[in-house]
Amino acid sequence: MIVLDTSFLLGLVNQQDVHHEAARRLQSELRSGRWGQGALLEYVMVELMNMMVKRRGAEHAARTGRYLLGSDLHFVACSPLFGSAFVACCAQSGTRAGLVDMAIATYARAHADGQVATFDRELARLPGIIAVPAEGA
Amino acid sequence: MDTTIRNLDPVLYRRARARAATEGKTVGAVINEALRQHLRPQSRTDAKPHWWDVPVENWGPGTENLSNEVEDILYGEDQ
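The text that follows walks through the structure, step by step, so that each part is easy to find. As the structure is a prediction and not an experimental result, all values here were calculated from the model. Numbers given for residues are sequential positions, taken from 1 along each chain in its written order. Think of it this way: whatever chain is written first is A, whatever ligand is written first is 1, and the rest follow in order. Since the coordinates come from a predicted model, pLDDT governs what is reported: local features require at least 70, and pairs of side-chain atoms require 80 or more to be given and counted, while whole-chain, interface and lining totals use all residues.

**A closer look at the environment of B:V54**
Secondary structure elements are defined from DSSP: runs of H or I of at least 4 residues count as helices, runs of E of at least 2 residues count as strands, and each element is numbered from the N terminus. Mapped onto the elements of the fold, B:V54 is located in the loop between α2 (27–39) and α3 (66–75). C-alpha separation for the pair B:V54 and B:L74, spaced 20 residues apart in sequence, amounts to 23 Å. Discounting chain neighbours no more than four positions away, the residues touching B:V54 are A:L12, A:V13, A:T64, A:Y67 and A:L68. Contact between residues is assigned whenever the C-beta positions, reconstructed from backbone atoms, fall within 7 Å.

Below, the structure written as structure tokens:
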């Protein structure tokens, strides 16, 4: 399994994005089954929808959001994650990860061998996290 | 049976080993389960589209760095 971060999904859906080519390369590896099933946290869906509504409008956001929710992604409701993500957020030292990043990291460590598809360097610095694609890939 | 498999993806092998350790199984048992699952006849009735085929669009000029700026845009400038 691999956990998807907002930065990765934005890089994937926008052809103009500086990370679009890297996201497309990872897309090929995903097709091959190398990284297993994709997991989408409720918090990440909230961030993605907010970004799309702000930058592309509600109609585009609805189209993309409905596609993802109807796809073979493993959707993760976040209420059960909140407690451990909050504790990790409060206890962090040397990093400045927000609650959403901490929830992603908590879920990735428990269910995805730490694998997260992300372009977020702060998230990639969290202990036990393997950022995919690797920097410079 | 015992056999040798060439060109095994090291990442997949590492994940199979980790899964085996977590579940108290042998690596062989995990690989057998994965093969069994993969070779199972496909049901077309419950097939969902793959998430990675999500529609891709050109968001236009000024959107090149959104993947890097998502935290700033949603939560304000980093202090």
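Following the structure, the description resumes.
**Digging into the packing of helix α3 (residues 42–56) of chain A against helix α4 (residues 58–69) of chain A**
Residue and element names in this part refer to chain A. Their axes nearest at 7 Å, the elements α3 and α4 cross at an angle of 145°. Along this stretch, α3 crosses α4, giving a crossing that reads as right-handed. When α3 is examined against α4, the residues M49, M52, V53 and R56 are found in contact with a partner set consisting of A58, H60, A61, T64 and G65. The classification used treats Ala, Val, Leu, Ile, Met, Phe, Trp, Tyr, Cys and Pro as nonpolar, Asp, Glu, Lys and Arg as charged, and all other residues, Gly among them, as polar. A per-class count over the contact of α3 with α4 returns five nonpolar, three polar and one charged. Between N-to-C directions, angles span 0 to 180 degrees; the directions come from axes that are lines fitted to C-alpha atoms, helices contributing only their stretch in contact. Each helix crossing is assigned a hand: it is left-handed if the near helix lies turned anticlockwise from the far helix by less than a right angle, otherwise right-handed if that turn is clockwise.

**Re the sheet that holds strand β4 (residues 115–117) of chain A**
All names here are of chain A. A pair of strands counts as paired when DSSP detects no fewer than two bridges linking them. If you walk across this open sheet you meet the five strands as β3-β2-β1-β4-β5, and the pairing is parallel. At either margin of the open sheet sits one strand with a lone partner, and together these are β3 (74–76) and β5 (130–132). Shown here is a sheet whose adjacent strand axes are inclined to one another by a mean of 35°, direction ignored. The sheet contact formed by β4 and β5 spans three bridges and is parallel. Residue pairing for β5: A117 is matched across the bridge by V132. Its contacts with the sheet put helix α6 (residues 99–111) on β1 (2–4), β2 (38–41), β3 and β4, and the angle it makes with β2 is roughly 145°.

**Let's talk about helix α2 (residues 20–31) of chain A**
Residues and elements named next belong to chain A. How far a helix is expected to stretch is found by multiplying one less than its residue total by 1.5 Å. Taking 1.5 Å per residue as the helical rise, α2 with its 12 residues ought to reach 16 Å, and the 16 Å between its terminal C-alpha atoms agrees with that figure. Taken together, the buried positions of α2 are occupied by H20, A22, A23, L26 and L30. One side of α2 carries all its buried residues, which in axial view fall inside an arc of 155°. Away from its buried face by more than 90 degrees, α2 exposes E21, R25, S28 and R31. In this structure, the buried residues of α2 make contact with α1 (6–13), β2, β4 and β5. With its phi angle positive at about 85°, G33 sits one or two positions after the end of α2. Burial is judged by counting the other C-beta atoms within 10 Å of a residue's own C-beta: 20 or more makes it buried, 12 or fewer makes it exposed, and any count in between marks it as partly exposed, with every C-beta position built from the backbone. Starting at the helix axis, one direction is taken to each C-beta atom, and the arc is that of these directions.

**Some remarks on the interface of chain B and chain A**
The partner chain A presents 33 residues to the 27 residues of chain B that form the contact. Ranked by the residues each element gives to the side of chain B that touches chain A, the list is headed by α3(B), at seven residues.

**Digging into the nonpolar core**
All names here are of chain A. Judged by nonpolar contacts, the single largest core of 45 residues is most densely connected at V3, L4, L41, V44, A103, I104 and V116. At seven residues, α6 tops the list of elements feeding residues into this core. Those residues in contact with V44 that sit more than four places away from it in its chain are L4, D5, T6, V100 and I104. What we call a nonpolar core is a set of buried Ala, Val, Leu, Ile, Met, Phe, Trp, Tyr and Cys residues whose membership is set by joining through C-beta atoms within 7 Å.

**Digging into the pairing of β2(A)**
Residues and elements named next belong to chain A. Here β2 shows a buried face lined by G38 and L40 and a second buried face lined by A39 and L41. As paired elements, β1 and β2 share two bridges and run parallel to each other. Its bridge partner lying in β2, V3 is registered against A39. Bridge count between β2 and β3: three bridges; the pairing is parallel. Along β3, the bridge assignment pairs A39 with H74.

These figures capture arrangement, not role.
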